[in-house]
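Observations on chain architecture
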Amino acid sequence: SQKIEQNSEALNIQEGKTATLTCNYTNYSPAYLQWYRQDPGRGPVFLLLIRENEKEKRKERLKVTFDTTLKQSLFHITASQPADSATYLCAPPVSDKIIFGKGTRLHILP
Amino acid sequence: SQTIHQWPATLVQPVGSPLSLECTVEGTSNPNLYWYRQAAGRGLQLLFYSVGIGQISSEVPQNLSASRPQDRQFILSSKKLLLSDSGFYLCAWSVRTGVGQFFGPGTRLTVL
């Protein structure tokens, strides 16, 4: 069956550095992939969608890559700030629905 | 602009009691609507989704049900709550399949 894996360990990054989060998927080839941010006690917030024919997509300090050969998407936050601390969820589609990964908790240390 | 409302924000209910959670969307027409549950320390689980009035797809067999009586209203119900129904319930909408979803503030349900 289709599987989505995100690093379950929390990621600690020093303020100002680039944070890189990984999403791996197996047993299928999604046509696109979404990334969301979730703060404690809140609903997820949609950040970016990248399609299989797009190698890279940017939005302000965010950059997402999609490597269909490696079956992996990388999510980068450049010039990270403490306000970027949150859980980031990878969400590729399975048939007509999107399936959320468990997320990676990111801590930006001041 | 579009907004999504959910209520109540928190709810404590005894086992065996009924449940009704409501979600409404403003500022858009004919949205796709979704109910998710997030248990403590776990990922988001899709419970139901709807592409139109009266059209409900169930993802997980359980004692919950959903209804869409109006275009922008989505209701999650149960006749008898179980302890395992505790969790964070989130409603979301999208303009169509294959684009980003926008989530409501959620309802924290505790079943005792």
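Residues numbered from 1 in each chain as written. Chains lettered and ligands numbered in written order. Predicted model: local features only at pLDDT ≥ 70, side-chain atom pairs only at ≥ 80, totals over all residues. Heavy atoms only, no water.

What to know about the overall build of chain A
What chain A contains, in helices and strands, is zero helices and 12 strands. Here chain A has a C-alpha radius of gyration of 13 Å; the compact-globule value for 110 residues is 13 Å, and the two agree. The C-alpha extent of chain A, read off along each of the three principal axes, is 40 × 30 × 20 Å. Within chain A, the fraction of its 110 residues that count as buried is 46%. Carbon and sulfur atoms provide 48% of the accessible area of chain A, an area that totals close to 5700 Å². Each charge class in chain A can be summarised by its mean position, and for the 15 positive and 11 negative side chains these summaries are 1 Å apart. (Helix = DSSP H or I, 4+ residues; strand = E, 2+ residues; numbered from the N terminus. Rg over C-alpha atoms; globule rule 2.2 N^0.38 Å. Buried < 20%, exposed > 50% of the residue type's maximum accessible area, 1.4 Å probe, protein only. Areas by Shrake-Rupley, 256 points an atom, 1.4 Å probe, with all protein chains shown as cover. Lys, Arg positive; Asp, Glu negative; His and termini not counted. Charge placed at Lys NZ, Arg CZ, Asp CG, Glu CD.)

Some remarks on the environment of Leu-83 of chain B
Residues and elements named next belong to chain B. Here Leu-83 lies in the loop between strand E8 (73–78) and strand E9 (87–94). When the C-alpha positions of Leu-83 and Ser-17 are compared, they lie 11 Å apart, and in sequence the two are 66 residues distant. Beyond its immediate sequence surroundings of up to four residues, Leu-83 is in contact with Val-15, Val-111 and Leu-112. (Contact = heavy atoms within 4.5 Å.)

A few points about the environment of Ala-83 of chain A
Mapping Ala-83 of chain A onto the fold places it in the loop between strand E8 (72–77) and strand E9 (86–91). Each C-alpha atom, one on Ala-83 of chain A and one on Phe-66 of chain A, is 25 Å from the other, the two residues being 17 residues apart in sequence.

Examining the sheet that holds strand E3 (residues 19–26) of chain B
All names here are of chain B. Spatial strand order, E1-E3-E8-E7: four strands in an open sheet with antiparallel pairing. The open sheet has two edge strands, strand E1 (3–7) and strand E7 (64–70), and neither has a second partner. Ignoring strand direction, the axes of neighbouring strands in this sheet form an average angle of 20°. Looking at chain direction, E7 and E8 are connected through five bridges and run antiparallel. (Pairing = 2+ DSSP bridges. Axes fitted to C-alpha atoms, helices over the stretch in contact; angles between N-to-C directions.)

With respect to the state of the cysteines
Residue and element names in this part refer to chain B. A complete count under the given rule lists two disulfides over all chains for this structure. In this model Cys-23 forms its disulfide with Cys-91; the gap between the sulfur atoms is 2.0 Å. Around the S-S axis, the bridge from Cys-23 to Cys-91 shows a dihedral of about -75° and counts as left-handed. Residue Cys-23 is found in strand E3, and its partner Cys-91 is found in strand E9; the two are separated by 68 residues along the sequence. Residues Cys-23 and Cys-91 agree in their burial class; the two are buried. (Disulfide = S-S within 2.5 Å.)

Some remarks on the packing of aromatic side chains
This model, assessed by the stated rule, comprises 15 aromatic pairs over all chains. A network of ring pairs unites the aromatic residues Tyr-36, Phe-46 and Phe-100 of chain A together with Tyr-34, Tyr-36, Tyr-49, Trp-93, Phe-102 and Phe-103 of chain B as a single cluster. Positioned above the aromatic ring of Tyr-32 of chain A, the side-chain terminus of Arg-51 of chain A is 5.9 Å from the ring centre. One residue, Arg-108 of chain B, lies across the ring of Phe-88 of chain B, its end atom 4.3 Å from the ring centre. (Phe/Tyr/Trp six-rings, centres within 6.5 Å; stacked < 30°, edge-to-face > 60°. Lys NZ or Arg CZ within 6 Å of the ring centre and 35° of its normal.)

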